Amino acid sequence: MVLQERKSAMTAIYPITSISQGNLNIWETCRRKYQYKFLEVLSLPEADLDRKKKLQLGSEFHLLMQQQQLGLDVSDLASSDERLQTWLAAFKDHPPVMIEGDRLCEHRRTLEISQEFLSDHHQNSDHLQGYFVLTAIYDLLILGDRQAQILDWKTHQVAIAKDTLIANWQTQLYLYLLAKTTNYAPEQLSMTYWFANTAESVVINYSQTDYERTGKKIQGILREIAQAQEYPTLKDVHSSDCKYCEFRDRCDRGEMLTKFTSNNLEDIPEIAI
Ligand code: SF4
């Protein structure tokens, strides 16, 4: 009897899965990639040294922006690379439009998803094992009296098209999570991407319709993740997603292309060296 009680208590302990924009983008791109990256946690060494340097420089710029927002002296870090100095000067001369309000740097926001959220009228949620926590880390979040603004720094070579940004899960999740965890109406929220290489801003406004649509999409994807038994590869062996995928060798999908034309933000190198 004691053993039975212990066993039933253990089966009630489900894994907690943190769901970021990366999880959602990759789930929509390729189930097998999701399996490799998040379930098997395969981490392949970055073979492309140029790409590695770009990522490193992008991280340093984010650190620099964080320190600057905190009022710290950033001159040492900025002087370590000419591009960091150029980007910092671009921000000084052509900053994005920012609202007045409380500023939060590298701000993490989470939302636990209940089993009820995952169920629908036709399904019992009992078989949906696992708990999900939606997670976002905002480069800069400004909370004003009547508005809130998310800012995201990008070091891509050129500004990314607004439609591509709107479709990406970074935009959808970040705005949804903010609407869900604050008292702001969706129409009071916006997200600004600022591109350091060109000092351009792309502003995305939010609405109740966007908010409801995203909620339904998240519900559908999390239900799929909770129920998934198989993680198939992409049917199209010539898919551009495979050509840029770090797991193409495992899937026997040929050489990686060096010219990036993918629609996936994660696949577009942050800067041109
Ligand atoms: S190579 Fe293609 S099929 Fe394989 S994980 Fe990557 S995207 Fe999916």
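Fair warning: this is a prediction, and the values are worked out from it, not measured in the lab.

A.B. asks: Before we go on, may I ask you to explain the overall build of the protein chain in this structure?
C.D. replies: Of regular secondary structure, the protein chain possesses 11 helices and six strands. Residues counted as buried form 24% of the 273 residues belonging to the protein chain. Look at the contacts in the protein chain between residues 6 or more apart in sequence, and 69% of them connect residues 24 or more apart.

A.B. asks: So what exactly am I meant to see when it comes to the site of the ligand here?
C.D. replies: Residues in close proximity to the ligand total 13 residues, the closest being Cys30, Thr233, Cys242, Cys245 and Cys251. Secondary structure elements with two or more residues in the shell around the ligand: α3 (31–39) and α11 (240–243). The biggest single contributor to the shell around the ligand is α3, with three residues. Split by residue class, the shell around the ligand holds seven nonpolar, one polar and five charged.

A.B. asks: Sorry, what's going on with the confidence of the model for the protein chain here?
C.D. replies: As a general rule, the predicted coordinates of low-pLDDT regions are not to be interpreted in detail. Confidence in the prediction for the protein chain averages 85 pLDDT; 81% of positions are at 70 or higher. When mean pLDDT is compared element by element in the protein chain, helix α9 (residues 169–181) scores highest at 98, while helix α1 (residues 2–11) scores lowest at 38. Low pLDDT, under 50, characterises residues 1–12; the predicted model gives this stretch zero contacts beyond four residues in sequence or across chains. Across residues 258–263, where pLDDT falls below 50, the model places 11 contacts with residues more than four positions away in sequence or in other chains.

A.B. asks: When you look at helix α4 (residues 49–69) in this model, what are you seeing that I'm missing?
C.D. replies: An α-helical turn contains 3.6 residues, so a residue and the one three or four places further along point in the same direction. Helix length check: α4 (21 residues) gives 30 Å between terminal C-alpha atoms against 30 Å at 1.5 Å per residue, within 8%. Those residues of α4 lying buried are Lys54, Phe61, Leu64 and Met65. Burial along α4 is one-sided: seen end-on, the buried residues are contained in an arc of 95°. Every exposed residue of α4 that faces more than 90 degrees away from the buried side is listed here: Leu49, Lys52 and Ser59. Contact partners of the buried residues in α4: α5 (75–78), α6 (82–93), β3 (131–143) and β4 (148–154). Positive phi appears at glycine 71, one or two residues downstream of α4, with a value of about 80°.

A.B. asks: Please clarify how unusual backbone geometry should be interpreted in this entry.
C.D. replies: Most peptide bonds adopt trans geometry, and most residues besides glycine take a negative phi value. Even without being glycine, valine 41 reaches a positive phi, approximately 50°. Tracing the chain through its elements places valine 41 in the loop between α3 and α4.

A.B. asks: Is there a simple way to explain the environment of leucine 42 in this structure?
C.D. replies: Here leucine 42 shows up in the loop between α3 and α4. Note on leucine 42: 13 C-beta atoms within 10 Å, which makes it partly exposed. For the pair leucine 42 and phenylalanine 247, spaced 205 residues apart in sequence, the C-alpha separation works out to 9.2 Å. With residues up to four places along the chain from it excluded, the contact list for leucine 42 reads Tyr36 and Lys37.

A.B. asks: Whenever I open this one, the environment of alanine 159 confuses me. Can you help?
C.D. replies: In this structure, alanine 159 sits in the loop between β4 and α8 (162–167). For the pair alanine 159 and phenylalanine 195, spaced 36 residues apart in sequence, the C-alpha separation works out to 5.8 Å. Discounting residues that sit within four places of it in the chain, alanine 159 has contacts with Phe195, Thr198, Glu200 and Val202.

A.B. asks: Explain the environment of alanine 199 here, please?
C.D. replies: You can see alanine 199 is positioned in the loop between β5 (189–195) and β6 (200–205). For the pair alanine 199 and valine 158, spaced 41 residues apart in the sequence, the C-alpha separation amounts to 9.5 Å. Setting aside chain neighbours within four positions, we find alanine 199 in contact with Ala90 and His94.

A.B. asks: Even after reading the chapter, I still don't get the nonpolar core, so can you show me in this structure?
C.D. replies: Most often, soluble globular proteins keep nonpolar side chains buried together rather than apart. Formed by 42 residues in total, the largest nonpolar core has its most connected members in Phe61, Ile150, Leu173, Tyr174, Leu175, Leu177 and Leu178. Listed by contribution, the elements that provide at least two residues to this core are α2 (21–29), α4, α6, β3, β4, α9, β5 and α10 (208–227). Looking at this core, the element that brings in the most residues is α9, giving eight residues. Setting aside residues up to four positions removed in sequence, leucine 178 forms contacts with Arg109, Ala148, Ile150 and Leu189.

A.B. asks: Got a minute to help me understand α9 in this structure?
C.D. replies: Taking 1.5 Å of rise per residue, the 13 residues of α9 would be expected to cover 18 Å, and the 17 Å separating its terminal C-alpha atoms lies within 8% of that figure. The buried count for α9 comes to 11 of 13 residues, which makes it a mostly enclosed element. All of the buried residues along α9 are Trp169, Gln170, Thr171, Gln172, Leu173, Tyr174, Leu175, Tyr176, Leu177, Leu178 and Ala179.

A.B. asks: What is the right way to read the packing of α4 against α6 from this model?
C.D. replies: Two packed helices can be described by the angle between their axes and the distance between those axes. In the contact formed by α4 and α6, the axes pass within 10 Å of each other and the chain directions differ by 45°. Relative to α6, the element α4 is oriented oblique. α6 is crossed by α4, and the crossing has right-handed handedness. Every residue of α6 that contacts α4 at Leu57, Glu60, Phe61 and Leu64 is listed here: Arg83, Leu84, Trp87 and Leu88. Each residue belonging to the contact of α4 with α6 can be placed in one class, and the counts come to six nonpolar, no polar and two charged.

Conventions used here
Residues numbered from 1 in each chain as written. Predicted model: local features only at pLDDT ≥ 70, side-chain atom pairs only at ≥ 80, totals over all residues. Helix = DSSP H or I, 4+ residues; strand = E, 2+ residues; numbered from the N terminus. Buried ≥ 20, exposed ≤ 12 C-beta atoms within 10 Å, placed from the backbone. Contact = placed C-beta atoms within 7 Å. Near = placed C-beta within 6 Å. Nonpolar A, V, L, I, M, F, W, Y, C, P; charged D, E, K, R; others polar. pLDDT = per-residue confidence, 0-100. Expected span 1.5 Å × (residues − 1). Arc of directions from axis to C-beta. Core = buried A, V, L, I, M, F, W, Y, C linked by C-beta atoms within 7 Å. Axes fitted to C-alpha atoms, helices over the stretch in contact; angles between N-to-C directions. Parallel < 35°, antiparallel > 145°, perpendicular 65-115°, else oblique. Left-handed = near helix turned anticlockwise from the far one by under 90°.

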